[in-house]
Structures are given as C-alpha cells and as structure tokens.
Amino acid sequence: MLRTESRFPVMVGRMAARIRVAVLFGGRSTEHEISCISASSVLRAIDRERYEVIPIGITPEGRWVWAHDDPAALEPKGRELPTVTGDGSHVALPADPTAGGLRILDLNGAAGALGKVDVVFPLLHGTFGEDGTVQGLLEMAGVPYVGSGVFGSAAGMDKVHMKALLRAASLPVGPYVVVRSPDELTDADRERLGLPVFVKPARSGSSVGISKVKKWGDFESAVADARKHDPKVLVEAAVEGREIECAVLDRLGGGPPEASLPAEIFVPEQYEFYDYEAKYLSEDTRFAVPADLPHGVTAAVRDVACRAFTALDCAGLARVDVFVRPDGAVLLNEVNTMPGFTPVSMFPRMWAATGVNYSELIDRLLRLALVRGTGLH
Ligand SMILES: Nc1ncnc2c1ncn2[C@@H]1O[C@H](COP(=O)(O)OP(=O)(O)O)[C@@H](O)[C@H]1O
Ligand SMILES: [Mg+2]
C-alpha cells in the first residue's frame with residue numbers, strides 16, 4: 001500500500017493556504033462530555049494562521065453535525081457538562097478517498113460537499129473513537145489523522161489484549177485472569193491473585209464499571225457490574241503502589257518516541273481507588289507534575305512508557321499509566337491512546353512541565369499526522 005504524500009501547503013510569502021483540520025468530538029461513549037471539553041480547549045488554542053478548523057460534533061447517538069466554531073459553547077456551565085446536540089447540518093465522511101472529503105447531507109438526503117480535509121483530530125475517547133473504529137473509517141477515506149492507527153487504538157482499548165502484548169514484549173504487568181462469568185475463576189486463580197482484586201470491563205474507561213473486591217462474597221456482583229459495560233471482564237491482583245502517569249509523543253524527525261516527565265496522582269483517602277468521582281468530580285484529588293520520584297525511578301518510568309508505546313504499535317501520542325511499588329519497581333497499568341486533552345488534563349500538563357506548551361503540542365500532533373499519512377507504516 002502506498003503512503004499518502006505529505007500535505008503541507010506551499011508557502012507564498014505570508015499567504016500560505018491554511019491546513020484544513022476537522023476536529024471530531026463528542027461521540028457515542030461514556031466519555032462524550034470529556035471529549036467536548038477537550039475540543040473546546042483545542043478550538044481555543046489551535047494556531048488559526050496555520051490551521052482552518054472544521055468542528056464536527058458527534059451526538060451520543062452517533063450523528064455527525066457541523067458544529068459552531070465556538071469554544072465557549074463546549075465548556076461546562078457550572079455543573080452542567082457540554083454535549084453535542086443534533087442541531088446543525090448533518091455531515092458524513094464517505095469511506096471513499098475519491099469522494100472529495102466531508103459531505104453535508106441535507107434534509108432530503110442529497111449530499112453537498114463541505115470540502116477536502118487535510119487532517120482529522122479525532123478527540124474522541126472510548127468506544128467508537130479511541131478503539132480503532134473511527135481510525136478505520138479515516139483509513140478508508142484516505143484522510144490522515146492524529147494518533148494511533150487501527151491496530152494500536154484497538155490494542156489500547158482492550159485491556160486483555162493490551163496486557164498480552166505488553167507481556168509478550170517482556171514488560172512488567174501484574175497477575176490477571178479474564179472471565180466472562182464469575183464461576184470461570186478457579187480456586188487456583190483465587191489463590192494466585194489473592195485479595196483484594198480489581199474487577200473491570202475489558203473495554204471501558206474513566207473507571208466506569210470497575211470495583212475493588214476485598215472479600216470473595218462480593219466478587220459475583222462486581223463481575224455483574226463490569227458485565228453491564230462489557231461481557232469480557234478482567235480480574236487483576238491489586239497492586240500496592242503510587243499512581244504515576246507518563247506522556248509519550250512521537251518525534252517529528254522520526255525514530256523512537258519521547259517520554260515526558262512523569263506525574264503523580266494522589267487519590268483522597270475517602271476513595272478506595274481513582275474512580276470516576278475522584279477523577280472528575282472531587283476537588284480533593286491532587287496531582288504532582290512532575291512527580292517527586294528518585295532519578296532512577298523517573299528514568300525507569302520513562303523507559304517503560306516508551307517501550308509500552310512501541311509494543312502496542314501506538315502512534316502520535318499516548319498516556320501510559322503505571323504503578324510504582326514501595327520498592328521502586330514499575331508495573332504497567334494501562335495505555336490510553338487518546339488521553340484527556342484539556343490544558344488541565346495530565347497529558348498536556350506533563351508536556352508543559354517538560355517544555356512543550358499546549359499550542360505546540362497541538363501543532364506537533366497535526367504535523368506528525370500529516371507526515372504519517374494513511375496506509376501501512
Ligand atoms: N490492579 C490494580 N491495582 C491497584 N489499583 C488498580 C488496579 N487496577 C485499577 N486500579 C485503580 O482503578 C483505576 C482505574 O483503573 P484503569 O485500569 O486505569 O481503568 P480506566 O481505563 O477506567 O482508567 C486506576 O487508576 C487505579 O486507581
Ligand atoms: Mg486508567
């Protein structure tokens with residue numbers, strides 16, 4: 001398969017044709033609102049002299065809408081979180097590279113062109129966004145996009161396959177078992193994992209459907225909770241350690257990826273773990289950016305993060321989350337291929353602490369996408 005040519009515009013004095021970026025946000029996952037907030041920040045910070053932005057909202061039902069280019073409309077209003085409504089022209093991207101890009105679908109279903117798109121920033125989290133599905137559509141359409149491709153996105157979304165790939169690359173992963181019903185966990189499994197265990201849906205995010213089980217009597221209902229989100233359930237031994245995250249970026253010149261300084265999350269004592277409330281609603285959750293770790297541990301976290309990124313065939317960006325045990329050992333928890341992307345989200349904060357500001361980050365990701373193009377790499 002051929003690679004798409006790089007699509008940087010030809011400069012004519014200061015009057016370069018701007019690069020047309022479709023920012024996709026919202027979507028059909030539980031992380032719809034977080035995605036809208038990320039998009040609001042990107043619309044505000046993107047370099048408008050270099051990029052022409054086409055904001056495309058995806059409703060929770062999956063309808064694509066040509067949204068107003070208005071960051072304020074996508075910000076939280078008090079405790080009310082933003083969502084994409086169906087108002088606005090209905091838009092579609094044909095999976096046909098010769099079709100000329102985005103189309104407006106009018107009420108009669110007749111298609112009108114919205115025009116060629118140079119690159120897509122799929123600021124979507126979770127299913128139908130971060131899992132390879134939208135990436136597949138963009139590959140079909142022949143439009144370059146920010147972030148990992150079909151395989152890397154799917155590998156990052158499914159914690160079972162993620163862990164298998166990390167293990168196969170000799171990276172440190174804790175003990176776990178995959179079950180589809182509670183009775184699949186044998187006595188030998190229980191003995192090996194010990195208590196507590198974490199029970200989680202294989203393909204979810206934002207801690208949705210996750211429980212910490214401290215006695216086996218609670219195990220069955222924890223599996224039932226996880227199965228509300230995914231029939232495939234992961235049971236993991238609880239790791240005792242500090243919650244550390246590290247942001248990874250590809251380099252514009254090619255070569256191995258680059259890791260930021262790691263950060264630490266301090267979950268307040270009233271929470272059993274970093275659950276949905278501690279993540280998005282609590283004002284007591286604290287962060288240290290960068291994390292105060294011994295030099296050797298910082299280096300180990302950065303090294304493991306880059307190796308995990310490569311093991312999962314990630315591209316562009318990923319946030320790699322690890323635990324650092326009391327003895328300093330690093331254990332991988334998960335890799336997020338489209339992490340939260342507001343200026344106060346961990347990924348941009350870690351890069352800011354490492355010397356790359358928010359606007360530079362957006363520009364680097366779009367340039368990386370344009371250089372990478374579509375097709376095999
Ligand atoms: N094996 C584990 N040991 C200790 N804590 C865990 C473990 N697995 C998950 N957790 C806790 O649950 C949180 C969410 O789990 P995670 O696997 O990262 O799911 P999500 O994709 O929803 O973020 C983690 O940030 C951590 O606080
Ligand atoms: Mg997580």
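Comments concerning the packing of aromatic side chains
At step 1: Summed over the entire model, instances satisfying the criterion amount to six aromatic pairs.
At step 2: Measuring from centroid to centroid gives 5.2 Å for Phe198 and Phe273, while their planes differ by 85°, and the two rings are edge-to-face. Here the residue Phe198 occupies a position in strand 9 (residues 197-201), and Phe273 occupies one in the loop between strand 14 (263-266) and helix 7 (276-281), the gap between them amounting to 75 residues. Judged on exposure class, the residue Phe198 and its partner Phe273 are both buried.
At step 3: An aromatic cluster of at least three residues, connected via ring pairs, comprises Phe121, Phe341, Phe347 and Tyr358.
At step 4: A cation over an aromatic ring shows up here: Arg28 above the ring of Phe128, its NZ or CZ 3.8 Å from the ring centre.
At step 5: One cation-aromatic arrangement involves Arg364 over Trp351; the distance from NZ or CZ to the ring centre is 5.9 Å.

Topic: the domain arrangement of the protein
At step 1: We note that the domain assignment places domain 1 (19-146), domain 2 (156-172 + 241-337) and domain 3 (176-237) within the protein.
At step 2: Computed over C-alpha atoms, the centres of domain 1 and domain 2 are 28 Å apart.
At step 3: Its largest share of buried area at the contact with domain 2, domain 1 owes to Ile34, Glu130 and Val146, together 58% of the area lost on that side.
At step 4: Tallied by class, the residues present in the side of domain 1 that touches domain 2 amount to two nonpolar, two polar and four charged.

Structural notes on the packing of helix 3 (residues 150-157) against helix 4 (residues 159-168)
At step 1: Between helix 3 and helix 4, the least distance of the axes is 5 Å, while the angle of their chain directions is 105°. The orientation of helix 3 relative to helix 4 falls into the category roughly perpendicular. Note on element contacts: helix 4 touches helix 3 through Lys159, Met162 and Leu165, opposite Phe151, Ala155, Gly156 and Met157.
At step 2: Classifying every residue of the contact of helix 3 with helix 4 gives five nonpolar, one polar and one charged.

Describing the state of the cysteines
At step 1: Going through the model one piece at a time under the given rule, you end up with zero disulfides.
At step 2: Take Cys306: it sits in no disulfide, and the sulfur closest to it among the cysteines is that of Cys246, at 6.7 Å.
At step 3: For Cys306, a relative accessible area of 16% translates into the label buried.

Quick word on the site of ligand 1
At step 1: By nearness alone, 19 residues border ligand 1, and Lys159, Lys200, Ser207, Val239 and Glu243 come closest of all.
At step 2: Contact distances for ligand 1 include 2.5 Å between an oxygen atom and a backbone N or O atom of Ser207.
At step 3: At 2.8 Å, a side-chain N or O of Glu334 approaches an oxygen atom of ligand 1.
At step 4: Tallied by class, the residues present in the shell around ligand 1 amount to eight nonpolar, five polar and six charged.
At step 5: Residues from two domains meet in the shell around ligand 1; each of domain 2 (156-172 + 241-337) and domain 3 (176-237) gives at least three.

Focus on the pattern of salt bridges
Any two side chains of opposite charge can pair, on the condition that their charged atoms come close.
At step 1: A complete count under the given rule lists 20 salt bridges for this structure.
At step 2: The salt bridge partner of Lys163 is Glu236, with a shortest N-O separation of 3.2 Å. In this pair, Lys163 sits in helix 4 while Glu236 sits in strand 11 (residues 233-237), placing the two residues 73 residues apart along the sequence.
At step 3: Look at the salt bridges and you will find they share partners, linking Arg50, Asp363 and Arg367 into a network.

Some details on the sheet that holds strand 10 (residues 211-213)
As a general point, the strands of a sheet are linked pairwise by backbone hydrogen bonds and lie either parallel or antiparallel.
At step 1: Strand order across the open sheet formed by four strands is 8-11-9-10, with antiparallel pairing between neighbours. With one partner strand each, in any of the chains shown, strand 8 (176-179) and strand 10 form the two edges of the open sheet. Mean inter-strand twist for the sheet, computed between neighbouring axes without regard to direction, equals 25°.
At step 2: Lying over the sheet, helix 4 contacts strand 8, strand 9 and strand 11, oriented at roughly 145° with respect to strand 8.
At step 3: Each of strand 9, strand 10 and strand 11 is contacted by helix 6 (residues 219-227), which is oriented at about 25° to strand 9, the strand it contacts most.

Description of the environment of Pro268
At step 1: Topologically, Pro268 is positioned in the loop between strand 14 and helix 7.
At step 2: When its relative accessible area of 10% is taken as the criterion, Pro268 is described as buried.
At step 3: Residues Pro268 and Glu360, 92 residues apart in the sequence, show an inter-C-alpha distance of 33 Å.
At step 4: Dropping the residues within four chain positions of it, Pro268 is found in contact with Ser282, Asp284 and Thr285.

What counts, and at which threshold
Residues numbered from 1 in each chain as written. Chains lettered and ligands numbered in written order. Predicted model: local features only at pLDDT ≥ 70, side-chain atom pairs only at ≥ 80, totals over all residues. Heavy atoms only, no water. Phe/Tyr/Trp six-rings, centres within 6.5 Å; stacked < 30°, edge-to-face > 60°. Helix = DSSP H or I, 4+ residues; strand = E, 2+ residues; numbered from the N terminus. Buried < 20%, exposed > 50% of the residue type's maximum accessible area, 1.4 Å probe, protein only. Lys NZ or Arg CZ within 6 Å of the ring centre and 35° of its normal. Domains from an automatic or database assignment. Buried area = accessible area lost by both parts, 1.4 Å probe. Nonpolar A, V, L, I, M, F, W, Y, C, P; charged D, E, K, R; others polar. Axes fitted to C-alpha atoms, helices over the stretch in contact; angles between N-to-C directions. Parallel < 35°, antiparallel > 145°, perpendicular 65-115°, else oblique. Contact = heavy atoms within 4.5 Å. Disulfide = S-S within 2.5 Å. Near = heavy atom within 4 Å. Polar contact = N/O pair within 3.5 Å; in protein donor to acceptor, adjacent residues only side chain to side chain. Salt bridge = Lys/Arg side-chain N within 4 Å of Asp/Glu carboxyl O. Pairing = 2+ DSSP bridges.

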